[in-house]
Amino acid sequence: MSLNQIYKSIELACQTAGRIPGAVTLLAVSKNQPLEAILPILEAGHRLFGENRVQEAARKWPILRTQYSDSRLHLIGSLQTNKVRQALQLFDVIETIDRPSLILALVKEWDNPNRRTSKILIQVNTGHEPQKGGVFIDDLPTLIDLCRAHGLPLMGLMCIPPAHEDPSPHFQQLAVLAKMHQLPDLSMGMSDDYLVAIAKGATWVRIGSALFSKSSRLK
Ligand SMILES: *Cc1c(COP(=O)(O)O)cnc(C)c1O
């Protein structure tokens, strides 16, 4: 799909769900994409992107930002504590906070004058999958309290539902949790299920393959 087709489809899904236009923002997931594939999206005026690896983002985005300094980047993949300093300098939003040690590492680096990050989200492992990142639902309140106790700008929740399940109840559950904890941002929905996610209250949808499918891929 073209960028404009995706914008239109998001807008239509908002209308259908009775949500205000502009309630949902597209995060173009540019992981595994070379600069030549990302540039046309920037040229078309889109500025919000998601990457899942710190090293890959560090290779690509300082170059892209020399020309498109107003582009914004979300980290949507797991973060190791030893990459926290670098992540804070690269990403506007970190969506994958999922354990106390990571929060403490963020707190330690937060006053770095080169910090770009202004919002964080907690990733919730709604499917209770052991191999996947994200905090289990039972441990979520503790993590939220820890972020708030340290004054971190926790703004929302993110999830990736189990691959072969109906995503709808997972999105529903994430929306309920966000509301319960008074968190406004909900990052949920990918190429195959973003319409469902919008119906369930997503504020950010993360779309990769539907947008980039024709482009050549990095290994
Ligand atoms: C790759 C990825 C996406 C995009 O997935 P598509 O199915 O390609 O749209 C969204 N979120 C996360 C966390 C990802 O890793």
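Residues numbered from 1 in each chain as written. Predicted model: local features only at pLDDT ≥ 70, side-chain atom pairs only at ≥ 80, totals over all residues. Heavy atoms only, no water.

(A) Layout of the environment of Asp 145. Structurally, Asp 145 can be placed in helix 6 (residues 140–149). The sequence separation of Asp 145 and Ala 57 amounts to 88 residues, and the corresponding C-alpha distance is 30 Å. (Helix = DSSP H or I, 4+ residues; strand = E, 2+ residues; numbered from the N terminus.)

(B) Geometry of the state of the cysteines. In this structure the tally under the stated criterion is zero disulfides. The thiol sulfur of Cys 14 is not disulfide-bonded, and the nearest other cysteine sulfur, from Cys 159, lies at 17 Å. Its relative accessible area of 1% is what places Cys 14 among the buried residues. Cysteine Cys 147 remains unbridged, with the sulfur of Cys 159 as its closest cysteine sulfur at 17 Å. (Disulfide = S-S within 2.5 Å. Buried < 20%, exposed > 50% of the residue type's maximum accessible area, 1.4 Å probe, protein only.)

(C) Up close: the packing of helix 2 (residues 35–43) against helix 3 (residues 54–67). One can describe the packing of helix 2 onto helix 3 by two numbers: an axis separation of 11 Å at closest approach and a directional angle of 35°. Read as a crossing pair, helix 2 and helix 3 show a hand that is right-handed. Contact residues: Leu 35, Ile 38, Leu 39 and Leu 42 in helix 2; Lys 60, Trp 61, Ile 63, Leu 64 and Gln 67 in helix 3. Looking at the contact of helix 2 with helix 3 residue by residue, the class counts come to seven nonpolar, one polar and one charged. (Axes fitted to C-alpha atoms, helices over the stretch in contact; angles between N-to-C directions. Left-handed = near helix turned anticlockwise from the far one by under 90°. Contact = heavy atoms within 4.5 Å. Nonpolar A, V, L, I, M, F, W, Y, C, P; charged D, E, K, R; others polar.)

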